[in-house]
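Coordinate inspection notes
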Amino acid sequence: MDSSPRFSTCLSWKRIVCSFFLPFILSGLAPSRKYKEYLISGEVRPQLPHRFNWSHLTPLELKNRSMGLQTESIAGSNPYFTLGGHKFLIFGGSIHYFRVPRAYWRDRLLKLKACGFNTVTTYVPWNLHEPQRGKFDFSGNLDLEAFVLMAAEIGLWVILRPGPYICSEIDLGGLPSWLLQDPNLRLRTTDNGFVEAVNQYFDHLMARVVPLQYHQGGPIIAVQVENEYGSFNKDKDYMPYLQKALLKRGIVELLLTSDSEKEVQRGSIKGVLATLNMNAFQENAIKSLHKMQRNKPIMVMEYWVGWFDTWGSGEHKVTNADDVEKTVSEFIKFEISFNIYMFHGGTNFGFINGAINFGRHTGVVTSYDYDAVLTEAGDYTNKYFKLRKLFGSILAFPLPPLPEITLKAVYPAVRPSLYLPLWDVLKYLNEPVISNKPVNMENLPINNGNGQSYGFILYETPICSGGELYADVQDTAQVFLNETSIGMLNDDNQNLNIPEVRECQLLRVLVENQGRVNFSWKIQDQRKGLIGSITINNIPVEGYTIYSLEMKMNFFERLRSATWRPVPNNYLGPAFYLGTLKAGSSPKDTFLRPLNWNYGFVFINGHNLGRYWCIGPQETLYLPGAWLHPEDNEIILFEKSKSGSDIQTIDGPML
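Bear in mind the structure is a predicted one, so any value in this text is a computation, not a measurement.

Some thoughts on the packing of helix α2 (residues 105-115) against helix α4 (residues 144-154)
- Packing of α2 against α4 leaves a shortest axis separation of 10 Å and a crossing angle of 40°. The pairing of α2 with α4 is recorded here as oblique in orientation. The hand of the α2/α4 crossing is right-handed. Contacts between α2 and α4 involve Trp105, Arg106, Leu109, Leu110 and Lys113 from the former and Ala146, Phe147, Met150, Ala151, Glu153 and Ile154 from the latter.
- Partitioning the contact of α2 with α4 into residue classes produces eight nonpolar, no polar and three charged.

Some words on the nonpolar core
- Grouped together as the largest cluster of nonpolar side chains are 177 residues, with contacts concentrated most on Phe117, Val328, Phe338, Phe391, Met551 and Phe576.
- Among the elements that make up this core, the one with the highest residue count is helix α5 (residues 192-209) (eight residues).
- Excluding residues that lie within four positions of it along the chain, Met551 makes contacts with Phe351, Phe456, Phe556, Phe576, Phe603 and Phe638.
- Within the second largest apolar cluster, 27 residues are counted, among which are Val433, Ile463, Val479 and Ile534.

Structural notes on the domain arrangement of the protein
- The domain boundaries assigned to the protein delineate domain 1 (69-394), domain 2 (437-542) and domain 3 (553-650).
- Here the C-alpha centre of domain 3 lies 33 Å away from the C-alpha centre of domain 1.
- Together domain 1 and domain 3 conceal approximately 1,600 Å² of surface at their shared face, both sides included; 64% is due to carbon and sulfur atoms.
- Among the residues domain 1 hides against domain 3, the three largest losses belong to Tyr104, Trp311 and Phe349. Together they make up 37% of the total.
- Linking domain 1 with domain 3 are zero salt bridges, by the criterion used here.
- Across the side of domain 1 that touches domain 3, the residue classes break down as eight nonpolar, ten polar and four charged.

Considering the UniProt feature "domain: Beta-galactosidase 1-like first all-beta" (unreviewed entry) in the protein
- Under the present numbering, the feature "domain: Beta-galactosidase 1-like first all-beta" (unreviewed entry) in UniProt falls on residues 451-550.
- Across residues 451-550 one finds 0% helix and 51% strand; the C-alpha atoms that close the span lie 11 Å apart.

Some remarks on the side chain of Lys87
- Tracing the sequence through the fold places Lys87 in strand β3 (residues 86-88).
- The class for Lys87 is buried, based on a relative accessible area of 6%.

Considering the sheet that holds strand β20 (residues 484-490)
- The sheet built from six strands is open, its strands ordered β15-β26-β16-β22-β19-β20 with antiparallel pairing. In the strand order of this sheet, the two ends are held by β15 (433-435) and β20, each with one partner. Sheet twist, expressed as the average angle between the axes of neighbouring strands with direction ignored, equals 20°.
- Bridge count for strand β19 (residues 476-481) against β20 is six bridges, and the pairing is antiparallel. Within the sheet, the bridge partner assigned to Val479 lies in β20 and is Gly487.

Cut-offs applied
- Within each chain, residue numbers correspond to sequence positions counted from 1 in written order.
- Confidence filtering applies because this is a predicted model: local features only for residues at pLDDT of at least 70, side-chain atom pairs given and counted only at 80 or more, and all residues used for totals across whole chains, interfaces and linings.
- With hydrogens and water stripped out, all remaining heavy atoms of the structure feed into the side-chain values.
- To get an axis, fit a line to the C-alpha atoms, keeping to the stretch in contact for a helix; angles then go from 0 to 180 degrees between the N-to-C directions.
- A run of DSSP states H or I qualifies as a helix once it reaches four residues; a run of E qualifies as a strand once it reaches two. Both are numbered from the N-terminal end.
- Roughly parallel here means an angle under 35 degrees, roughly antiparallel means over 145, roughly perpendicular means 65 to 115, and every remaining angle is called oblique.
- Definitions for this section: a left-handed crossing has its near helix turned counterclockwise from the far helix by less than a right angle. A right-handed crossing has that turn clockwise.
- A contact between two residues is defined here by any heavy atoms of the two lying within 4.5 Å.
- Residues are grouped as follows: Ala, Val, Leu, Ile, Met, Phe, Trp, Tyr, Cys and Pro are nonpolar; Asp, Glu, Lys and Arg are charged; every other residue, Gly included, is polar.
- Note on terminology: a nonpolar core comprises buried Ala, Val, Leu, Ile, Met, Phe, Trp, Tyr and Cys residues joined through side-chain atoms within 4.5 Å.
- Burial status follows relative accessibility: with a 1.4 Å probe on protein chains alone, a residue under 20% of its type maximum counts as buried, one over 50% as exposed, and anything between as partly exposed.
- Segmentation into domains, and thus their bounds, comes from an automatic or database assignment.
- Accessible area that two parts lose when put together, with a 1.4 Å probe and added across both, is what the buried area reports.
- Salt bridges, as used here, are contacts in which a Lys or Arg side-chain nitrogen is within 4 Å of a carboxyl oxygen on Asp or Glu.
- UniProt positions are given in the numbering used here, feature names are shortened, and annotations may be inferred rather than shown by experiment.
- Strand pairing requires that DSSP identify at least two bridges connecting the strands.

Written as structure tokens, this is what we have:
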């Protein structure tokens, strides 16, 4: 063998070339002709577009599961992911199963696949899965395992984001409200009370998740540790504790964290992949992350292609489809894995919406359309077609055909003919709580000691004199003497003049939880209802009857036995209104438009469609056809202030 220096140099160069080309050969990628750009150290360098071919890297095709999602770093090359030993870029899109009717999961996942994505990401909401301590719900629309297995069947990998905190513009960031019963318990820390609750939840949740992991034949290739902890950052031991909690319970797939540029260092964990959240291609943020973990590939865990709306905030927030296409093109050019947040936003059905508080409490609207790649109702958008064209141009295999569009319908307008004032409904509620002092929602001795999570709460107490009333209500309250409205209370207005009374009257305070803050340290102080005592002329009022109005399905079943009254021409005050929506023999999706109604909630066949409010921006409520029966459907409005006219249906949203 020639041992000359020239031969040695040639042999070394061959090793470098082989080490560079091997991942491409294994993955079926065609390497860039400008591969020398890889050799510039210390920078993430752009590459010419590849023809990516991971048609064999799908949950059904990939049988050998010995090598899961890993990070690789070869001298002279950008670090990259491998899956099954093959180079792999994550094209992810977020769909939250709990925001989409179960009957539509398959449609939304098929559309994700047909667009060219290879991965679906989802949060897991603790508050919905454990509504009471030790009582878990993974049924129906909360069947996480069914959603994950359906993704695998369709050919999608899954990145799971199990919290315990998830933000997600959901009530309390996905934490259960019963955690707020103890005022000394510190959320998102290693406080004993908090981690004991997390441990019990993880014991149950991870027993379901572990069999769905890649190494056990499932589609879950990565698991996120908590969420955006860098912005909270109250306890340096908390994130490592959660990492160990996942490992201890059998999570073996790649772990990652997720933070914005300024908080990524604070939210990171040693040995765990740090990822970025951003609303556009941010070169400086990417360079900073590359310097922080030089031997790891870059991943954008949340690329925000839109944003959420809040009540009274003006117009629906939208982003430009061309900008989205350009940003995703940049990610691909730099071989950056990414996750679109949101691919499909869905709906904050029921009372699950969160809130923001940057000086003032403001609830998130019912629609979680997010100006996403698919609309709230799962319809295609300009963003969808632009991304599909882009992905089709760089993938070395044909995309699946487009699923058919979801048909919409317009039904005859509904004019409720019957109503029940709130005061007539009290006897159909569960037994009220009798207390000398007010009790906030979370500490009501109901639901097996877990309190009330959502909805309304009514306080009644007799008073025999007028004067200056003070009350701290969260979030807003209507105040009545007997059945007569005398004013409103909220954060901006905690005082109310009570007129002089000739004889004792019943003071009634109806308080609404408009959504707990889902972001920032303010999650610690999100107790709802009356906080502390009512005073009149600085004298505490004592002796309360407290009704919980959670408006669950069984409540509406009881209402069917009530004696409803004909609707008068104009009724002022909180009341339930009953009508019939005629959907024909083959129900389809539609959008409800409550004309001249002010504020309330709509229930279809017992399903809570969410909040409507005349201040906007949202003007319609999405009604899934899957929740309608053929022909007649029961529609009930709980309206807080005054009766309206018709409830119209239209074939498109007004957001």
